[in-house]
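Coordinates in review
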Amino acid sequence: MVVTPVFADDVSNLQNSKNAAQSEVNSLQSELQTLIEKMSKLEDDLVSTGQQITQAQDDLTVAKEKEHQQYEDMKKRIKYMYEEGNSTAIETLISAENFSDLLNKAEYVQNVHSYDRKQLQEYIDTKQQIADLKAQLEEDQANLESMQSDYEALRKDWENVGENIRKSKRNCSRV
């Protein structure tokens, strides 16, 4: 049996090495916990953005259907006006038989004109809504892709930190 003398300096150096390795493990575990929290938040954000995209797609579909219906209604109105000869407002007013009839026809012409303008404005607003929804949908999809890339980067960092923790623990147990 061979006896090796152990010096206090060697024990102190080993203890310092062990303490340094343990400190590194603790630091890596803290970093790992931070990464896990970031990944969890990012997962929640991914789900939320996915729901926003689904809602935007639904809203866009509804808006497109509304636009189509408004367009068809406007086509019918224009076709009717063309087929019926579209008497002008002046012709309608001139055909009045008395002052009361004139007022009634003037009100009728005003109401038809107001209705047509209102329908046209609604159609324009719907077209703008569709453009806005498309832009929002594209932005949400770009955000989703960006978050997915961030998530993958965090996952790789998490794997690297986990591997570093395992290595540090092996080194710590050897000391």
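Digging into the overall build of the protein chain
A tally of regular secondary structure across the protein chain gives three helices and zero strands. Each helix (α) and strand (β) of the protein chain, taken in turn from the N terminus, gives the series α-α-α. Taking all 175 residues of the protein chain together, the buried fraction comes to 19%. Counted over contacts in the protein chain with a minimum sequence separation of 6, partners at least 24 positions apart contribute 86%.

Quick look at the pattern of salt bridges
Here the structure, examined in full by the defined rule, presents nine salt bridges. For the salt bridge of D45 with K41, the shortest nitrogen-to-oxygen distance reads 3.1 Å. With D45 and K41 both in helix 1 (residues 8-83) and four residues apart, this pair spans about one turn of that helix. Classification of D45 as partly exposed rests on a relative accessible area of 26%. Given the relative accessible area of 51%, K41 is considered exposed. Between E163 and R166 there is a salt bridge, and its shortest N-O distance comes to 3.2 Å. Here the residue E163 and the residue R166 both occupy positions in helix 3 (residues 99-174), the gap between them amounting to three residues, near one helical turn. Its relative accessible area of 44% is what places R166 among the partly exposed residues. The network of salt bridges with common partners includes E152, R155 and E159.

Structural notes on the environment of Y71
Residue position: Y71 is located in helix 1. Under the relative-accessibility criterion, Y71 is labelled partly exposed at 41%. C-alpha separation for the pair Y71 and Y123, spaced 52 residues apart in sequence, amounts to 7.3 Å.

A word on the side chain of E67
With respect to the helices and strands, E67 occurs in helix 1. Apart from residues lying up to four places away in sequence, E67 is in contact with Y123, T126, K127 and I130.

Here's the deal with the confidence of the model for the protein chain
Here the protein chain shows a mean pLDDT of 86. Residues at 70 or above account for 90%. Least confident of the elements in the protein chain is helix 2 (residues 89-94), whose mean pLDDT is 79; most confident is helix 3, at 89.

What to know about the environment of S40
Among the secondary structure elements, S40 is positioned in helix 1. Under the relative-accessibility criterion, S40 is labelled partly exposed at 35%. Remark: the alpha-carbon pair of S40 and Y151, spanning 111 residues in sequence, is separated by 9.4 Å.

Reading the values: rules and limits
Sequence positions are assigned chain by chain, starting from 1 and proceeding in written order. Only residues with pLDDT of at least 70 are given local features in this predicted model, and only at 80 or more are side-chain atom pairs given and counted; all residues enter the totals for whole chains, interfaces and linings. Each side-chain value is worked out from all heavy atoms of the structure, with water and hydrogens disregarded. Helix and strand assignments follow DSSP, with helices taken as H or I runs no shorter than four residues and strands as E runs no shorter than two, numbered in order from the N terminus. Only protein chains enter the accessibility calculation, which uses a 1.4 Å probe; a residue is then buried when its area is under 20% of its type maximum, exposed when over 50%, and partly exposed in between. Any pair of residues with heavy atoms lying within 4.5 Å of one another is described as a contacting pair. Counted as salt bridges are all cases of a side-chain nitrogen of Lys or Arg within 4 Å of a carboxyl oxygen of Asp or Glu. For every residue, the predictor assigns a confidence score, pLDDT, that lies between 0 and 100.

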